[in-house]
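# What the coordinates show
As a plain string of letters, each chain reads:
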Amino acid sequence: MPRNLVERIKERFFAILTSRLTVMVLITFVLGGILIYRLFDLQIVRGEQFLNDFILQSKKTREVAAARGNIYDRYGEVLAYNELAYSVKIEDVYEAGKNKNRLLNENIYKLIKLIEKNGDDVITDFGIMLDDDGNFVFSMSSDTKRLRFLADVYGESYVKDLKLEQQTATPDEVMQELGERYDIGELADPEDSKSEFVAGKGYTKEEFLKMVTIRYAMSLTSYQKYIGTTVATDISEETRAVIMENLSDLAGVSIEEDTVRRYVDSIYFSQIIGYTGKISSDELEALNQQDLEAGGDGNRYSINDVVGIAGIEAYMESELQGIKGIETVYVNNTGKVISIDEDESWEPIAGNDVYLTIDKDLQIATYNILEQKIAGVLLEKLRNAKEYTGTSNSSKELYIPIYDVYFALFDNSVIDLKHMASGEAGEYESAVYSEYLAYRETVYAKLLEELTEKETPYNKLDKEYQVYQSNIVQYLLERGVLDSDLIDTTDATYLAWREEETISLSEYLHYCISMGWVDVTKLDLSSQYADSEEIYEKILDSIFLILDNTNEFQKKLFKYMLKRDIINGKDVCFILCEQGNVEIDEQDITQLYDGKLSAYNFMVNRIRNLDITPAQLALDPCSGSVVITDVNTGDVLALVSYPSYDNNLMANSVDAAYFAQLQSDKSTPLLNYATQYKSAPGSTYKMVSATAALMEGLVTTRTTVSCFGSFDEVTPPPKCWIYPGGHGSMNVISAIRNSCNVYFYQVGYDLSIVDGKYDAQTGLETLAYYADLYGLSEKSGVEITESAPTVSDEYPIQSAIGQGTNNFTTVGLARYVTTVANSGTCYNLTLIDKVTDPDGRVLQEFSPDIRNTIEMPQEYWDAIHTGMRGVVENMTYYQNFGVEVAGKTGTAQESTTRANHALFVGYAPYDDPEIAIATRIAFGYSSSFAAQTSRDVIKYYYNLADEEEIVTGEADNVDGATYGD
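None of the values given here were measured: they were computed from a predicted structure.

## What to know about the overall build of the chain
A tally of helices and strands in the chain yields 34 helices and 29 strands. Dimensions of the chain along its principal axes, counting C-alpha atoms only, are 165 × 75 × 65 Å. For the chain, the proportion of its 965 residues judged to be buried stands at 51%. Across the chain, every contact between residues at least 6 apart in sequence was considered, and the portion connecting residues at least 24 apart equals 70%. Counting every atom, the chain has about 44400 Å² of accessible surface; 48% of that belongs to carbon and sulfur.

This is the structure in structure tokens:
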């Protein structure tokens, strides 16, 4: 091929190749450029976002709560523990400005409605709550706590800095102050919808209280950024879901993992364990001070913390409370967490566990036995009568008319009056409610007639209207319309009303106006210069407004409707059936409607089956206590107070409705009857007097005193319980065995003789000295709230039989009989066994201190023990018992119009004591009932019968026989 042709082909091929390569290069370049541009653009966007996040992000340090330690019984049975839950929190993220309050309030209101939509509740643990009448009241019982709350509300560090008008501020005034502060609303006219607060949304009182509670809680942490306020705890999955769906519309709201405190078999242990709750300002200061004194930095606690409020939860707070962790995070401007700084975060340390000396099973069984026995006493004393017609107030003669039971169902809110008035009321509910409305109008008309026309002197009124008028004066005093500070209680007209009862209520109120005893600022007067008649008219308006809004008064109407046969027992029984608040056997319901079962027997069955408990009736008796100790260690094995409450509804955040119910419950379940309730010990005190007589050399074990039924050394002569009979010749053993009052009157008298003359103070001081040896002059040592004892300072003769002014708690009597049982070792009792870390390592073991020992000849101890054994041997219900028991009964009078208190102290086994027991049934008629309660507890402890035979779940048949006092 010619050279030139080859060259041409090469040149052409190269040209083609070059042109395609150029295109390819160009295409590659273009595509690469586009790709590089896109990547560069994306990095710019990301860089801008990163820059924005970097510029707007904030460092947030938040506390991580530590798990609270558990509480166990002596055998490791759990009593209190923690459970994972979700809480709703809110932060104030609104900028300052004129619309801030409005926007924040709308946000909170929306959140409340979402929480309540699925049945959850917002926290209402505030210093004010709504009572049964729908009125705002302070939730704390002591003036100290009320004043501390007011100081916090008004921004004062110390109570002493409060102005007088702030110290005396009413709940309504505080709520109005806070409503205005947070721009929520104002208090409406008292006659408008029962004083409901109104605002732009027309808040009800309940809504207003919730709003104020949340706003106030938020204000306590307003100086701390990123600290959320807990609005609700332990929410349901449904509530969690609905809030998560609406988070974009709920500024500052978050849902966080949390723990809630749970209590096992709560009603049996609440009086011992107590409960947790949000820390108060006083508690915050005190606990941080304790932390500082213990070597901490004094900042262990903050205002949002949950701490022990009562019982062991409070006493062992420093052990149960763990050490909070810290989580340091970075968040963007919407609050979203961008990153966690692990170097500046640390995990919380769980609290320690506490083991009690309490035996869980024994505690539960004892509570149930006590309830069964009290119900048995009610049945023993119940009669099918309208009212008591006895001729004396002796416990032997007193009985309970069935009509008292019918009224008690209204009086202690077993029957729901609101339901009776609702559209869901049953046939009998509606009929009885109509009768009530008509009767109320009759009562109001007659009261108005008495206040404006008839003006009958108080002592000429029938009993019903005396009660109503006394209530009216009481209500006017409580509300400050009548100013108790201004009333002259020595004034003749005042005495004519109060003591002589010879003038009418109208005359008394007119006199109060003339004397300036009326606080006219409490009345809606047209002018500050109103005349006396205008003032009186406004008082009348106030009276009927108060009566309308006071449940206590409205319930009294049912009492007199029953007495006047406007309604009857069957009506009450039918209402119970319709409302369904009480579990009732279907057969009983059928027989009641068919007329085959009387109202009386229907109610007897309810009490026998414990469908209606003694606590619900709140008649005498409705309360009691039992304390059991190990006599050789001073450990408390059981400490029972009846009735009790569910501390699950008090922990974490107080259930306001439940707390209001407890506050109004006439059986006072919040009172610890084992450690706070005091009464005279009665004849259980006689071992103290026997010790004094023997040790002071007044008697030997063989010295006798003759009892002819009364003690004639003083006038009037005090009687023995056996009067008009007598015990005859008594030595110290038989005097204890037969509980001879005359023997111990003689002891009190002889202890008071100095140089042949009677000196009461000497006798009292000597008795007090020996009472102190048994620990009766001081608190018992248990680690929960306990009332201080009162050793008698009057009447040594009566004091020697446990009367005078002697007043002791059941736990104090338990320490006393423990000392008797072990022959002289007086312990400071304890409820705490040990503390361990979360892994079970023992950190601290507790054992009761020996307070003192009583050095007394064994012969004297033997005499006392023999006498106590004789007491129990006299009782038929302790015969063939299976274990020998020694004890002493006591019957103590507190009121001439109510039954006596029933007491028993004892120990077992008699020859080698292991346990001691003290039992009190308040207003329990006879000490025999307390002795029988103790018998069944001891029977349970020593397995002398099957548990099902002892703890039956029904009222016990009680032996009404008495064996001394």
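## Things to note about the packing of helix H16 (residues 463-478) against helix H19 (residues 532-548)
Two measures define how a pair of helices packs: the angle their axes make with one another and the distance between the axes. Interhelical geometry of H16 versus H19 gives an angle of 100° and a closest axis separation of 10 Å. Overall, the two elements H16 and H19 adopt an arrangement that is roughly perpendicular. Taking contact as the criterion, the partners of Ile472, Tyr475 and Leu476 in H16 are, on H19, Ile539, Ile543, Ile546 and Leu547. Here the contact of H16 with H19 is built from residues that sort into seven nonpolar, no polar and no charged.

## Side note on the sheet that holds strand E27 (residues 886-892)
An order of E18-E17-E29-E28-E27 is seen for the five strands of this open sheet, with the pairing classed as antiparallel. Sheet topology places strand E18 (636-642) and E27 at the edges, where each strand pairs with a single neighbour. Across the sheet, the axes of successive neighbouring strands diverge by a mean angle of 5°, strand direction being ignored. The strands touched by helix H12 (residues 360-381) are strand E17 (624-630), E18 and strand E29 (915-921); relative to E18, the strand with the most contacts, the crossing angle is about 35°.

## So, the side chain of Asn288
Here Asn288 lies in helix H9 (residues 281-293). For Asn288, a relative accessible area of 12% translates into the label buried. Every residue in contact with Asn288, bar those within four places of it in the chain, is listed here: Gly298, Asn299, Arg300 and Tyr301.

## Considering helix H25 (residues 656-664)
By the burial criterion, the buried members of H25 are Tyr658, Phe659, Ala660 and Leu662. In this structure Asp655 caps H25, since a side-chain oxygen of it lies 3.2 Å from the backbone nitrogen of Ala657.

## Observations regarding the packing of helix H18 (residues 505-514) against H19
Closest axis-to-axis distance for the H18/H19 pair is 10 Å, and the angle between their directions is 125°. Classified by the interaxial angle, the pair formed by H18 and H19 is oblique. As for the relative orientation of H18 and H19, their crossing is right-handed in sense. Between H18 and H19, the contacting residues are Ser506, Leu509, His510 and Ile513 on the first element and Ser532, Glu533, Ile535, Tyr536, Ile539 and Ile543 on the second. The residue makeup of the contact of H18 with H19, split by class, is six nonpolar, three polar and one charged.

## Quick look at the pattern of salt bridges
One pass over the structure, following the stated rule, counts 37 salt bridges. Between Lys373 and Asp956 there is a salt bridge; the shortest N-O distance is 2.5 Å. You can see Lys373 sitting in helix H12 and its partner Asp956 sitting in the segment after helix H34 (947-950), a full 583 residues away along the chain. Since its relative accessible area comes to 12%, Asp956 is described here as buried. Measuring nitrogen to oxygen at the nearest pair gives 2.6 Å for the salt bridge that ties Glu464 to Arg564. On the criterion of sequence distance, the pair formed by Glu464 in helix H16 and Arg564 in the loop between helix H20 (551-563) and helix H21 (569-579) is long-range, its members being 100 residues apart. Judged by relative accessible area, which is 2%, Glu464 ranks as buried. Linked through salt bridges whose partners overlap, the residues forming this network are Arg68, Arg261, Glu313 and Glu317.

## Looking at unusual backbone geometry
The omega angle of the peptide bond from Asp620 to Pro621 is -5°, so this bond is cis rather than trans. As for its position among the elements, Pro621 is in the loop between helix H24 (614-617) and E17. The omega torsion across Thr715 and Pro716 is -5°, close enough to zero to call that bond cis. Along the polypeptide, Pro716 turns up in the loop between strand E19 (705-707) and strand E20 (728-730). Although it is not a glycine, Asp234 adopts a positive phi angle of roughly 55°. Its location among the elements puts Asp234 in the loop between strand E8 (229-232) and helix H7 (237-245). For Asp234, a relative accessible area of 29% translates into the label partly exposed.

## Digging into the pairing of strand E25 (residues 842-845)
Relative to E25, strand E24 (residues 832-836) runs antiparallel, the two being bridged by three bridges. The residue bridging Val835 from the neighbouring strand is Gln844, located in E25.

## Some remarks on the state of the cysteines
Cysteine pairs can be covalently joined through their sulfur atoms, and such a bond is termed a disulfide. Throughout the structure, instances matching the rule amount to zero disulfides. As a non-bridged cysteine, Cys720 has Cys707 as the owner of its nearest cysteine sulfur, 4.1 Å distant. On the basis of relative accessibility, which here comes to 4%, the residue Cys720 falls in the buried class.

## Notes on a negative patch on the surface
On the surface, Glu77, Asp361, Asp946, Glu947, Glu948 and Glu949 cluster together into a negatively charged patch. No other element matches the three residues that H34 contributes to the negative patch. With respect to the helices, strands and loops of the structure, Glu947 is situated in helix H34. Among the residues examined, Glu947 registers a relative accessible area of 42% and is labelled partly exposed.

## Description of the packing of aromatic side chains
Aromatic ring pairs are described here by two measures, namely the spacing of the ring centres and the angle between the planes. This model, assessed by the stated rule, comprises 38 aromatic pairs. Centroid distance Phe149 to Tyr216: 6.3 Å. Interplanar angle 65°. Geometry classified as edge-to-face. Here the residue Phe149 occupies a position in helix H3 (residues 143-153), and Tyr216 occupies one in helix H6 (residues 205-220), the gap between them amounting to 67 residues. The exposure class assigned to Phe149 is buried, which follows from its relative accessible area of 8%. Among the aromatic side chains, those forming a connected cluster through ring pairs are Phe126, Phe138, Phe149 and Tyr216. Its end group placed over the ring of Phe138, Arg146 keeps NZ or CZ at 6.0 Å from the ring centre. A cation over a ring is seen here: Lys834 above Tyr355, with NZ or CZ 4.8 Å from the ring centre.

## Digging into the environment of Thr221
Within the secondary structure, Thr221 is located in the loop between H6 and E8. For Thr221, a relative accessible area of 3% translates into the label buried. Spatially, the C-alpha atoms of Thr221 and Ile854 are 56 Å apart, while their sequence positions differ by 633 residues. Not counting residues up to four positions away in its chain, the partners in contact with Thr221 are Ile227, Thr229, Ile303 and Asn304.

## A short note on the environment of Ala892
Summarising the element assignment, Ala892 is placed in strand E27. Overall, Ala892 belongs to the buried group, its relative accessible area being 0%. On a C-alpha basis, the gap between Ala892 and Ser927 in space is 8.7 Å, while along the polypeptide they are 35 residues apart. Setting aside residues no more than four positions away along its own chain, Ala892 makes contact with Ala680, Gly682, Gln803, Asn900, His901 and Leu903.

## Details of the confidence of the model for the chain
Detailed reading of the predicted coordinates is not advisable wherever pLDDT falls low. On average, the chain scores 90 in pLDDT, and the residues at 70 or more come to 91%. In the predicted structure, residues 44-51 sits below a pLDDT of 50 and forms zero contacts with residues beyond four places in sequence or in another chain. Confidence drops under a pLDDT of 50 for residues 187-201, and excluding neighbours within four residues, the segment shows 29 contacts in the predicted structure.

## Some points on helix H5 (residues 171-181)
What H5 keeps buried is the set Pro171, Val174, Met175, Leu178 and Gly179. Axial view of H5: buried residues confined to an arc of 135°, hence all on one face. Positioned one or two residues after H5, Asp183 has a phi angle of 60°, which is positive.

## Focus: the side chain of Arg606
Relative to the assigned elements, Arg606 resides in helix H23 (residues 599-608). Judged by relative accessible area, which is 0%, Arg606 ranks as buried.

## Some details on the environment of Tyr769
Mapping Tyr769 onto the fold places it in helix H29 (residues 760-773). On the accessibility criterion, Tyr769 (47% relative accessible area) is partly exposed.

Quick notes on the rules
Residues numbered from 1 in each chain as written. Predicted model: local features only at pLDDT ≥ 70, side-chain atom pairs only at ≥ 80, totals over all residues. Heavy atoms only, no water. Helix = DSSP H or I, 4+ residues; strand = E, 2+ residues; numbered from the N terminus. Buried < 20%, exposed > 50% of the residue type's maximum accessible area, 1.4 Å probe, protein only. Contact = heavy atoms within 4.5 Å. Areas by Shrake-Rupley, 256 points an atom, 1.4 Å probe, with all protein chains shown as cover. Axes fitted to C-alpha atoms, helices over the stretch in contact; angles between N-to-C directions. Parallel < 35°, antiparallel > 145°, perpendicular 65-115°, else oblique. Nonpolar A, V, L, I, M, F, W, Y, C, P; charged D, E, K, R; others polar. Pairing = 2+ DSSP bridges. Polar contact = N/O pair within 3.5 Å; in protein donor to acceptor, adjacent residues only side chain to side chain. Left-handed = near helix turned anticlockwise from the far one by under 90°. Salt bridge = Lys/Arg side-chain N within 4 Å of Asp/Glu carboxyl O. Disulfide = S-S within 2.5 Å. Patch = residues over 30% accessible without salt bridge, like charges linked within 9 Å, V, L, I, M, F, W, Y side chains within 5 Å. Lys, Arg positive; Asp, Glu negative; His and termini not counted. Charge placed at Lys NZ, Arg CZ, Asp CG, Glu CD. Phe/Tyr/Trp six-rings, centres within 6.5 Å; stacked < 30°, edge-to-face > 60°. Lys NZ or Arg CZ within 6 Å of the ring centre and 35° of its normal. pLDDT = per-residue confidence, 0-100. Arc of directions from axis to C-beta.

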